[in-house]
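The primary structure of each chain is shown beneath.
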Amino acid sequence: FSNGNANDIRILNDLTVPQPATASMIYLSGDDVFTNGNAAAIRLLMDPSISIQERDGLEGISMYPNPTNGILYINAEVANAHSVEVMNALGELVHTTRVNGSGVIDLSHLAKGVYAVRVSKGAAEMVQRVVLH
């Protein structure tokens, strides 16, 4: 945040987003200017309508094995009911289920690739990338 936590800062990769010539430069006060040609550029967004909603992190959740052949174990330190959503690389929801504490989900019906698995309880959530091979 900047400007008294009033404005968000986002980081753009200058290999994929056109940047001004000096966008990849790093200046250290009292030192020199350094550049590696592809450092991240930092821009301040002044439009408050552009944002994403922040959510609380969900602690104590683990998933294994990763990569997986299809069977994915979800382990929760606290035995609560959790929603599990699996999204493909396009962000499409391809599988949903609920687990109570620890559980097993079968993803073998999905195509090989990288998926985002979101586990949530109320407003808290965590997302982990899972490779299905």
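Preceding block: the structure.
What counts, and at which threshold
- Residues numbered from 1 in each chain as written.
- Predicted model: local features only at pLDDT ≥ 70, side-chain atom pairs only at ≥ 80, totals over all residues.
- Heavy atoms only, no water.
- Helix = DSSP H or I, 4+ residues; strand = E, 2+ residues; numbered from the N terminus.
- Buried < 20%, exposed > 50% of the residue type's maximum accessible area, 1.4 Å probe, protein only.
- Contact = heavy atoms within 4.5 Å.
- Areas by Shrake-Rupley, 256 points an atom, 1.4 Å probe, with all protein chains shown as cover.
- Patch = residues over 30% accessible without salt bridge, like charges linked within 9 Å, V, L, I, M, F, W, Y side chains within 5 Å.
- Salt bridge = Lys/Arg side-chain N within 4 Å of Asp/Glu carboxyl O.

1. A few points about the overall build of the protein
- Within the protein, the regular secondary structure consists of zero helices and 12 strands.
- The N-to-C order of helical and strand elements in the protein reads β-β-β-β-β-β-β-β-β-β-β-β.
- Within the protein, the fraction of its 133 residues that count as buried is 29%.
- Residue pairs at least 24 apart in sequence account for 49% of intrachain contacts in the protein once pairs closer than 6 positions are excluded.
- With the model as given, the accessible surface of the protein reaches about 9000 Å², and the carbon-plus-sulfur share is 52%.

2. Some points on a nonpolar patch on the surface
- On the surface, Y64, I71, Y73 and V104 cluster together to form a nonpolar patch covering roughly 370 Å² of accessible area.
- Looking at where Y64 falls in the secondary structure, it is placed in strand 6 (residues 61-64).

3. Here's the deal with the pattern of salt bridges
- This model, assessed by the stated rule, comprises one salt bridge.
- One salt bridge in this structure joins E85 and R118, with 2.8 Å as the shortest N-O distance. Placement of the pair is E85 in strand 8 (residues 81-87) and R118 in strand 11 (residues 113-121), with a sequence separation of 33 residues.

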